[in-house]
Structures are given as structure tokens and as C-alpha cells.
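# Residue-level structural notes
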Amino acid sequence: MYRQGKGKTPRRHGPKKATNTDKDPVGVCCRIRPLGAEDEECCVEMISSSTIQLHAPDGLKANRNGEFKEMQYSFKKVFGIKTTQMELFEEVAKPLIEDLIHCKNGLLFTYGVTGSGKTFTMTGSPGEGGLLPRSLDMVFNSIGPFQAKRYVFKPDEKNGMEVQNQVDALLERQKRDSQPTPILKTPSSRHRPDPEFADMISSEEACKSENVDEDCCYSVFVSYIEIYNNYIYDLLEDTPYDPIRPKPPQSKILREDQNHNMYVAGCTEVEVKSTEEAFEVFWKGQKKRRIANTELNRESSRSHSVFTIKLAQAPLDADGDHILQDKSQVNVSQLCLVDLAGSERTSRTRAEGSRLREAGNINQSLMTLRTCMEVLRENQMYGTNKMVPYRDSKITHLFKNYFDGEGKVRMIVCVNPKADDYEETILVMRFAEMTQEVEVARPVDRPICFLAAGRRHRNQAFRDELSRRLDDRGGPTYSDDPVLLNQLIESLPVLPPCELVDPADDQTLPRLIEVLETRLRIRQMMTEQFNKTANTLKSMLQQFDGQLSAKDTFLHDQQSKLGEKDRVIVSQKTEIERLEKKSKTLEYKIDILQKTTDVYEQDKRSLQQELETREQRLLRELSEKKRMEQRMQGMVTDARHKWEKECERRVNAKQLEMQNKLWVKDEKLKQLKAIVTESSSNSGGGCAAERPERPSRERDRNMPQKRSASPSPIPTALPVHPMHRRSHSAGGEKWVDHKPACNLDLDTVMQPIIPNAIKVSTPNEKALSKCNMYVLRHQELASDGEIETKLIKGNVFKTRAGGQAVQFTDIETLRQECAAGPSRKRRSGSAEGPVQQEDVENRPPVAGTSLSYIHQKRRKP
């Protein structure tokens, strides 16, 4: 896309990446799909856990004379038809989730022929969750207790993350909660998950990573895009629906961040807090993905889909309470799950229109991916430095950083073992075998935070101890209450003065003893009263205990009844969940059928338009055919009339020639007769011989004579000194004499003679480069039926490109006319009268003379 008025932003050089010589090959695994029917022919066999063998189908062997051999291909791991989704996840995707939690990127994509099970492997089905939902479940099972509150991490629109303080995050949450149509919220409890998602992953299959840094806070962001016809579209983008003028989705562009990593600019990133919420967001985008019905697959993916799980994590402060407000300490890692569209042959799918265009773009992008792999392998094996054509396709341009060492790359090759896909399966196997030889640099470990470990645990232990002590203290005690203690002391008798001044004082001590005895009696009375009250309270407590046991029994009976009601409710809830799941499944099928119906309607409209177009084209061709027939009939009629006239002219000319020959013979016979008669008359009486006269040719004079286009008859005797006319073309220049092979040789007296000329039948650059003049002898039939020769002359000059060109400057015309025609004007330099001309006409032809002469005309072109 080009934007006017804005200059090109200079490229900012990011930090230099650490060089790492350790490299790992691209991990390629193979998964074999079960056959659709038991009676189908199978051409793929699993030999071991890492090797498969391909057998050529019987029909192909018969067609190729049995020249195909059995071929074996090795992979990192081969999964047979009985492999479960859990086993595949444990082997392929689980290590990538571990790396994601430890701040390392990953790329996992499925590759194969259309209908080989790529979408099933990535997404799965109810009861058999694929790699994507299991990856989400493992991420949230691992970081669930350590997640940050929503909006603490916020994307900065430049492929990075920012940390907001608690106040800004709280304002964002309040703004979100106050919206009339809020964004999908995280369910409050995991005991009531989405029924459809709950069927995908059972509780026994839940995975969890044990090596999680507890001193960090985590947040998960997801995005979902598709690459359709080499354009990127955001499947999570909310666009206002306009039923009158619906807007098509806007494509996105790729940009490069400050670390030279590629990302989709303006792509929607949704923060999710649970597996159910993340899968619901994925399902929202999945409904927008383009799928279609083809001859090979009822739900064929027509685009490449990329689901990105982005994990942002930041360390806690030294107290273990809050996140460090330092953007440089935020680590962002991502895992891209790519479902590539299947390669297909249009001869098998019979695609037309938009389906044909989609198939062409899919095959072109997959071919670009294969080309990039081949160039990478060649550069690594032979030490070359060829440029890898990442930019030829959006899918390779987006993930070029992974092949440059930004994360692990894993590929799952899905194979359909049926015989119809044998030839395409061979191409997939060759690509997979070549991909395994490509090595990717091992990602560098992220720096560890400088704070001490165990901050969160110590903070939590302090909080627990503080809560325990507050609980132990409970309510205030009477012994600790100074008010009650003072009231108790004031109720006792007042002690007398106890100061002894005189040793002989015998009153102070007796008074003190009396007061103390009084206090003792009061205390004993209070103790007795307290014991009585305690006994009364004890009896009351026992009574209360009896009542409480009775109530406990009643409560137990009620709880048993409540348990029965709870079991009924649980069964009803289970039935409701089953019905909800069935309803969602039916809704999904309805959506698929609706999309299929829309595709059929679109195909129907396109076929109707094509039919109308072809009908219009057929009508135009019929009208054109009729016009052509009429034109050809007119041309045939004109040609017939022309040849009839030509034949009549040639017949008349031939008759005239035969009459002339007959007249010459008659003359000779008459002369011979006259000689015989004269000799007899001389001997018998000498009668004067009369001169024979030519028979009357009034009919010949009245008939219009036409001259044939054929050359004049060759004279019996050649002239002694033929006179040649020098052409205007003669000169001191070097000429190219171009005489086409189709020209006739007229054998006229006057012929153009050009000295120092190169005679050619077809002009060429070699001849033109040696001369500076050019002449073309062109013959055509004149209006009177005679052959007219034109000498077309020109100058030869060189062009800027080094070739030769001719510029025509003059035309000379050589024309042959018959002298016997009555309407011709005769050139004569003598003063003979009409009678002499009549004698010349009636004179028999004499050997050595020509009945034709030449007019020369000169004109400018």
C-alpha cells in the first residue's frame, strides 16, 4: 500500500542479537489419517515409530508398466491411525508450551493434502480436543494462581507490552464493566465450564507445567488471523454490520518492530483469563473463517489460519506485592498455531471461478514456503548466501523470524493413505524430508531478574501468620478488661490504713484482719453463687444440647432429602448441558449448511451469469457467422464474375492468335497458289496474278480486344544489339536489389539494370548493412489486365539499436501495353496516314519484332 504525502521512515537498527552456534533441525512428525471406508486401497504403511513406506496403487502400476518402487521416508516421530489427540499433544505441543512459559517463542503448523486431517489435528472435535484447546488448557492450568488482574498488562500497538499501575487498571476494568454490551468475561468458577469445551478435554487429561516462576505475574493475550488470497484479515475484529451496504473486511499489513520481528499491524489482541474464555474467542473467529465445499472435502479450508497465544510476564517487587513498573523487565513470548490450507489439483477438485483463484493462491503460497526451505537448506549445506524469498508470500514473510532463530519450529505432516492422493502425497513427503534438513538457531535464554527468589511465598506466609494471630485473639476476655476489674474491687470492703507507727499499736492489725476476713467471706459467697450459677448454666447447656441433637437429627433428615433434590438437580443440569451441547452442535451444523448454501447460491448465480454470457457470445457468433457467410458469398460471386471475364478474355485472345496463324497459313497457300498459277500462266497465256487479300475481319475489329496478363510470345530470333534502358536507380551507390521469387519474367526489351547490386529474394540485415540504397521490384495487375512493375526505392540507414532501416523516397513504374488494341494511343514519330496504319495492322508478324513496348512513369511516393 502506498500513502501519498508521507516519506519513508528510516529503519531503526535494533539491538544486535546474540550469536549462538547451537542449532536444532526443524522437528517434523507424520500423522496418518484412517481410511474413510474399509474397502479402499491403502498406499501408506507404518513400518516403525519413525518410518513409513509408500506403495504405488495397482492402477498406477498398470499404467506405468510397474516401474514404481516402494519408497520409505523417516521422520522424528510417526503417529499411526490409532494415535489419540492426547498422545500427539504430549509428544509435539507440550514442549512448546513449556518453552512459552519460560519466555521462548514457538511455531507449530500442519501441512498436507486437502482432506488429510489438518484442521482436525489442530482444532479437534467434541470429545477429542486438538492441539489448540489442549495448549490453552495447559497454559491456564500452569499460571492460574499467578495471573495478574485484567488490564495490568496492555499492548502498545508495536508488538510490545506496557505495565499499568493499579489505578489505571482499575479504571479500565470499571469502564469495561460499565459498557452496555461488555466483552466476554471469565467464568467465575471452573466447576461449570462450557459444555462443548468440557467435552473436548476431560479432567483426567489436564496437563500442567511444574516449573513455573512463582515470583512473576502472567497475562495471556490471543489473536486470530487468516491469510486469504495472499491478504491478511483479522478474524476477531468487530465491524459494525450494515444490512444495506455491508462493508468487506479490511486487509492488514505486516510491519517490523524495533527488534526486527514481523507482526500484523492493527491486529486485535484479546486478554483472556481462562481456557473457556480463550476458546470462546477462538470459536468467534472460527465462524468467520472462509471454508467451502469441494469435490474432495465437504469443509475445505480456503485460507491459512494463524492463532497466536501471547504470554506476558513481569517480576514482582522486593516485597512480593506488586508488579515492577519497568517495561524493560516485561518478557513477551508467543506460540503460533498455524493451520495451512491443503494443496490441491484443480483437475481433481474441478474448481471454477473464485474456487479456482483460491486454489491458485494456496498452491502459490505453499510453493513459496517450499522454495524458502530449499534456499535455507542450500545456504546451510553448501555455505552459499542466497537471498531467501520470504517476501514472495505473506505466510513466509510473517514467520521469517522463526527461521532466523527466534524460536522452535515444529511441523506435523498429515497424510491420507487412500490411493487417489498417492502422487500428491509423494510431493508432500519430499517437502517434509527436505524440511528436516533445515536447521534453526536455538533461542537464547532470557535474563533472570536480579531480585531474590521466593518473594511471593514469603509474603503469603506473612499474611497467613498475621491472619492466624488475629483469629487466635478472638474477642476481648474479662481478665483483660480493666473496667470490670475495677468494679469487682470496688464491691469489696475498703481496707483500713495499714501504717504502723508504734510497736505497741494493737488496733491496726486486728482491724486489718477483720477486714480481710470479711473480704474472704464475701469472696466465698461469690464463689458459691458462681458455682450455683455455673451449675444452672450447665444444666441449661445440657438441655440445649439435647434440643440441639434433636434438631441435628431433624437437620440430618432434611439434608438427606436435600441431597436427593441435589442429585435430581445435577441430573437435570447434566441433561441441560447435554441439550446445550447438542444445540451448539446443531447451530454449528446449521452455520456450515448456511455457508454451504450461500456457496451454492453464489455458484448458481455465477453459473447463470456465465450461461447468459455464453448465450450472448453464441448469438454474436451466429450473427458474425451469418455476416461472414454473406460476405463470403459476395466474394465468391465477385471471384466467379472476375474469372468468367478472365476466361472469356483469354479465350478471345487465343481465338485471335489462332486466326492470325490461320491467316498466315492461308497467305502462304495463296502465295504458293499464285506462284503455281503464274508459272502455268506464263506457260499457257501469262495471266496476271492477283495479290491475295486478307479476309475481312470486321467482326474482330468490332469485338473489344483484351490482352492477357501472360508474358508475350518469345521471338524466334533475338535482336543483334538489344537496347536497354538505364533505370533512374543506376548510380555510384551500393544497392540491394530485392526481387521476390513470385515475380514473373516478362522478357521485355527494356529491363532495369543496376550495377554493383546485391540481388536477394528476401531482405536480410547482412545485405542491408553492406549497402546504402534499396530497391524493390513489385508486380501487380493493372486495371486493363496488363502486368505493371514498380521499382520502389529507398535509403538505408542505421538505427539507434544497431539495426538497419529503410526510408522509401521514390517509385518508378514500368508498364507494358499491347499495340493492337483499338482504343490504345500509338506512339509514332513518322507521318504515315491512316491507310499505312491499317497496313501495319494487317501485316503478318515478322520474326525479330515485338508487339509490345514500355511506358515509364515516375512519381513520388
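Residues numbered from 1 in each chain as written. Predicted model: local features only at pLDDT ≥ 70, side-chain atom pairs only at ≥ 80, totals over all residues. Heavy atoms only, no water.

### What about helix H12 (residues 422-435)?
With 14 residues, H12 extends 20 Å between its outermost C-alpha atoms, agreeing within 8% with the 20 Å of an ideal straight helix rising 1.5 Å per residue. The buried count for H12 comes to 10 of 14 residues, which makes it a mostly enclosed element. Burial in H12 covers these residues: Tyr422, Glu424, Thr425, Ile426, Val428, Met429, Phe431, Ala432, Met434 and Thr435. (Helix = DSSP H or I, 4+ residues; strand = E, 2+ residues; numbered from the N terminus. Expected span 1.5 Å × (residues − 1). Buried < 20%, exposed > 50% of the residue type's maximum accessible area, 1.4 Å probe, protein only.)

### Digging into empty space enclosed by the protein
Considering all chains together, one arrives at eight cavities of 30 Å³ or more under this definition. By volume, the largest cavity amounts to about 80 Å³. Only strand E7 (105-112) and helix H10 (394-398) provide two or more residues apiece to the lining of the largest cavity. Of the residues in the lining of the largest cavity, the class split is eight nonpolar, one polar and no charged. Each pocket or cavity is described by its volume, and for the second largest cavity that value is around 70 Å³. Lining the second largest cavity, in full, are Ile227, Asn229, Asn230, Arg302, Ser303, His304, Asn361, Ile362, Ser365, Ser393 and Ile395. A total of three residues in the lining of the second largest cavity trace back to one element, the largest contributor, which is helix H9 (residues 354-382). Here the lining of the second largest cavity is built from residues that sort into three nonpolar, seven polar and one charged. (1 Å grid on protein atoms, 1.4 Å probe; cavity = no way out; pocket = protein on both sides within 12 Å on 5 of 7 lines; lining within 4 Å. Points joined across faces, edges and corners; volume = space filled by probe spheres on them. Nonpolar A, V, L, I, M, F, W, Y, C, P; charged D, E, K, R; others polar.)

### Overview of a negative patch on the surface
Taken together, the side chains of Glu38, Asp39, Glu40, Glu41, Asp58 and Asp420 make up a negatively charged region of the molecular surface. Relative to the helices and strands, glutamate 40 is located in the loop between strand E2 (27-32) and strand E3 (44-48). Accessibility expressed as a relative area gives 35% for glutamate 40, which makes it partly exposed. (Patch = residues over 30% accessible without salt bridge, like charges linked within 9 Å, V, L, I, M, F, W, Y side chains within 5 Å. Areas by Shrake-Rupley, 256 points an atom, 1.4 Å probe, with all protein chains shown as cover. Salt bridge = Lys/Arg side-chain N within 4 Å of Asp/Glu carboxyl O. Lys, Arg positive; Asp, Glu negative; His and termini not counted. Charge placed at Lys NZ, Arg CZ, Asp CG, Glu CD.)

### Let's talk about helix H5 (residues 166-177)
Between the first and last C-alpha of H5 there are 16 Å, a value that for 12 residues agrees with the 16 Å anticipated at 1.5 Å per step. Residues Ala169, Arg173 and Arg176 constitute the buried set of H5. The arc that holds the buried residues of H5, viewed along the axis, is 60°, so those residues lie on one side. Exposed positions of H5 whose direction lies more than 90 degrees from the buried face are Val167 and Lys175. (Arc of directions from axis to C-beta.)

### Digging into unusual backbone geometry
Here tyrosine 151, not a glycine, exhibits a phi torsion of approximately 70°, which is positive. As for its placement among the helices and strands, tyrosine 151 is situated in the loop between helix H4 (131-143) and strand E10 (153-155). Of note, the phi angle at asparagine 756 is positive, near 55°, even though the residue is not glycine. Within the secondary structure, asparagine 756 is located in the loop between strand E24 (735-738) and strand E25 (757-760). Here asparagine 756 falls in the exposed class, since its relative accessible area comes to 54%.

### Side note on the pattern of salt bridges
By the definition in use, this model includes 25 salt bridges. A salt bridge links glutamate 172 to lysine 154; the nearest nitrogen and oxygen atoms lie 3.8 Å apart. Placement of the pair is glutamate 172 in helix H5 and lysine 154 in strand E10, with a sequence separation of 18 residues. With relative accessibility at 25%, the residue glutamate 172 sits in the partly exposed group. For aspartate 156, the salt bridge goes to lysine 327, with nearest N and O atoms at 3.1 Å. Here lysine 327 lies in the loop between strand E20 (304-315) and strand E21 (331-339) and aspartate 156 lies in the loop between E10 and strand E11 (161-163), a separation of 171 residues in the sequence. Accessibility expressed as a relative area gives 16% for aspartate 156, which makes it buried. According to the relative accessible area criterion, lysine 327 is partly exposed, its value standing at 47%. One network of salt bridges, with partners in common, ties together Glu646, Arg649 and Arg650.

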